[in-house]
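Coordinate inspection notes
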Amino acid sequence: MPELPDVEVFRSYFESTSLKQDVEQVDVLDQRILEDISAKNLHEALAGYRFISTTRHGKYMFAKTEGNTWLVLHFGMTGYLHYLTEEDDPPRHTRVLFTFDGENKLAFVDQRILGLVGLTEDPEAFARDRDLGPDALQIKIDEFKELLSGRRGTIKAALTNQAIIAGIGNIYADEILFQSKIHPKTQLSSLSDDDLETLYDQIQTVCQAAIDAEVDVDQMPDWFLLRHREAGERCPRCGAEIETVKVSSRTTYFCPKCQPKR
Ligand SMILES: [Zn+2]
């Protein structure tokens, strides 16, 4: 499921392939992917314009047109982008196809249709309307501490709650907690100031390392838990057997030795 690092890689991909070409045609192959807009209106809002820049908030990506409208993309569970030349066939499960004036195309592909394609006039207003917290890579340390203080629940649930902090999902929350040596079921009320600083630093470090590896697991650092997310695998730090536990009904991987229960 695409999380912040994945969406950041999609954003770079969009930037390197799809800017500064006139959009000629927008074809919606499955209406269920559209959010609050018709296929006709999506085409009319984008056709004749070029995308000039991109941004991201949490798991949402935005591409700005010269017309000051922003295309909104969310990748759900199975979404991705694929840029094609004139001769290529769009991948199976393409839901929206953007055709540029040179006849190259950008496909928004999403097998399970849990993502979305829409428009907004303002990404920050869109994020507020969606009740998203600050982006995990943009948030400042003081804000991070304030958001987590005085709250109930486990740290794993808080990290994956998009209304508190946007961008982190199941896999990267496990990675951040592993690198921070904090048990996923630790109550927020028992985290020290040092714990919060460690967590903050690891959010930045882990997300950046995953982006630098272009979210290719084989290219990620050896010390990443992500490379060992399987039953019976060994902890890359201490060699203990990795265990799983359910937190907020999600399967959570952790090292019982490095991340002892408090
Ligand atoms: Zn360990």
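This text goes with the structure placed above it.
Residues numbered from 1 in each chain as written. Predicted model: local features only at pLDDT ≥ 70, side-chain atom pairs only at ≥ 80, totals over all residues. Heavy atoms only, no water.

Looking only at helices and strands, the chain has seven helices and 10 strands in total. At 20 Å, the chain has a C-alpha radius of gyration in line with the 18 Å of a compact globule built from 262 residues. With the C-alpha coordinates of the chain rotated into their principal frame, the extents come out at 60 × 35 × 30 Å. In the chain, which comprises 262 residues, the share counted as buried stands at 52%. Sequence separation of at least 24 residues holds for 63% of the intrachain contacts in the chain that already meet a minimum separation of 6. On the chain, roughly 12300 Å² of surface is accessible, and the fraction owed to carbon and sulfur atoms is 42%. Within the chain, one finds 30 positive and 44 negative side-chain charges whose respective centroids are separated by 8 Å. (Helix = DSSP H or I, 4+ residues; strand = E, 2+ residues; numbered from the N terminus. Rg over C-alpha atoms; globule rule 2.2 N^0.38 Å. Buried < 20%, exposed > 50% of the residue type's maximum accessible area, 1.4 Å probe, protein only. Contact = heavy atoms within 4.5 Å. Areas by Shrake-Rupley, 256 points an atom, 1.4 Å probe, with all protein chains shown as cover. Lys, Arg positive; Asp, Glu negative; His and termini not counted. Charge placed at Lys NZ, Arg CZ, Asp CG, Glu CD.)

Where like charges cluster on the molecular surface, the negative patch consists of Glu86, Glu87, Asp88 and Asp89. Tracing the backbone through its elements, the reader meets Asp89 in the loop between β5 (79–84) and β6 (94–100). Asp89 gets classed as exposed once you look at its relative accessible area, which sits at 68%. (Patch = residues over 30% accessible without salt bridge, like charges linked within 9 Å, V, L, I, M, F, W, Y side chains within 5 Å. Salt bridge = Lys/Arg side-chain N within 4 Å of Asp/Glu carboxyl O.)

For the rest of this paragraph, the subject is the sheet that holds strand β8 (residues 116–120). Here we have four strands laid out as an open sheet, ordered β2-β3-β4-β8, and antiparallel in their pairing. Each end of this open sheet is capped by a strand with a single partner; those strands are β2 (51–57) and β8. Mean inter-strand twist for the sheet, computed between neighbouring axes without regard to direction, equals 25 degrees. Summarising the sheet, β2 and strand β3 (residues 60–65) pair through six bridges and their orientation is antiparallel. Looking at β3, one finds that Phe51 is bridged to Thr65. Contacts between helix α1 (residues 4–18) and the sheet are confined to β2, β3 and β4 (70–74), with β2 contributing the most and set at about 175 degrees to the helix. In the packing of helix α2 (residues 39–46) onto the sheet, the strands contacted are β2, β3, β4 and β8, and the crossing angle to β8 comes to about 55 degrees. (Pairing = 2+ DSSP bridges. Axes fitted to C-alpha atoms, helices over the stretch in contact; angles between N-to-C directions.)

What follows concerns the pattern of salt bridges. Taken as a whole, this structure holds 16 salt bridges when the rule is applied. Of the charged contacts, one joins Glu15 and Arg11 as a salt bridge, the two residues approaching to 3.7 Å between their closest N and O atoms. Taken together, the positions of Glu15 and Arg11, both in helix α1 and four residues apart, correspond to about one turn of that helix. Taking relative accessible area as the criterion, Glu15 reaches 33% and is therefore assigned partly exposed. Asp135 serves as the salt-bridge partner of Arg56, at 2.6 Å between the closest nitrogen and oxygen. Remark: Asp135 occurs in the loop between α3 (123–129) and α4 (141–148) and Arg56 occurs in strand β2; sequence separation between them is 79 residues. Judged on exposure class, the residue Arg56 and its partner Asp135 are both buried. If you follow the salt bridges from partner to partner, you end up with Glu8, Arg11, Glu15, Arg56 and Asp135 in one network.

We now examine the coordination of the zinc ion. Protein-derived ligands of the zinc ion are Cys235 (SG), Cys238 (SG), Cys255 (SG) and Cys258 (SG), with the metal-ligand distances lying across 2.2 to 2.4 Å. Considering all four donor atoms around the zinc ion, the spread of angles at the metal, 101 to 113 degrees, places the coordination shape in the tetrahedral class. Each donor residue of the zinc ion belongs to the same chain, with the gaps between them written as C-x2-C-x16-C-x2-C. By relative accessible area, Cys235 is classed as buried at 4%. For Cys238, a relative accessible area of 30% puts it in the partly exposed group. (Donors = N, O, S within 2.8 Å, 3.2 Å for Na, K, Ca; no water. Tetrahedral: all angles 85-135°; square planar, octahedral: opposite > 155°, others 65-115°.)

Reading across from one edge, β1-β6-β7-β5 is the order of the four strands in this open sheet, with antiparallel pairing throughout. Each edge of the sheet is formed by a strand with only one pairing partner; in this case those strands are β1 (23–28) and β5. Taking the axes of each pair of neighbouring strands and ignoring which way they run, one obtains an average angle of 15 degrees across the sheet. When β6 meets strand β7 (residues 105–110), the two strands line up antiparallel, connected through five bridges. Residue pairing in the sheet places Phe98 in a bridge with Leu106 of β7. Docked against the sheet, α1 engages β5, β6 and β7, running at close to 20 degrees with respect to β5.

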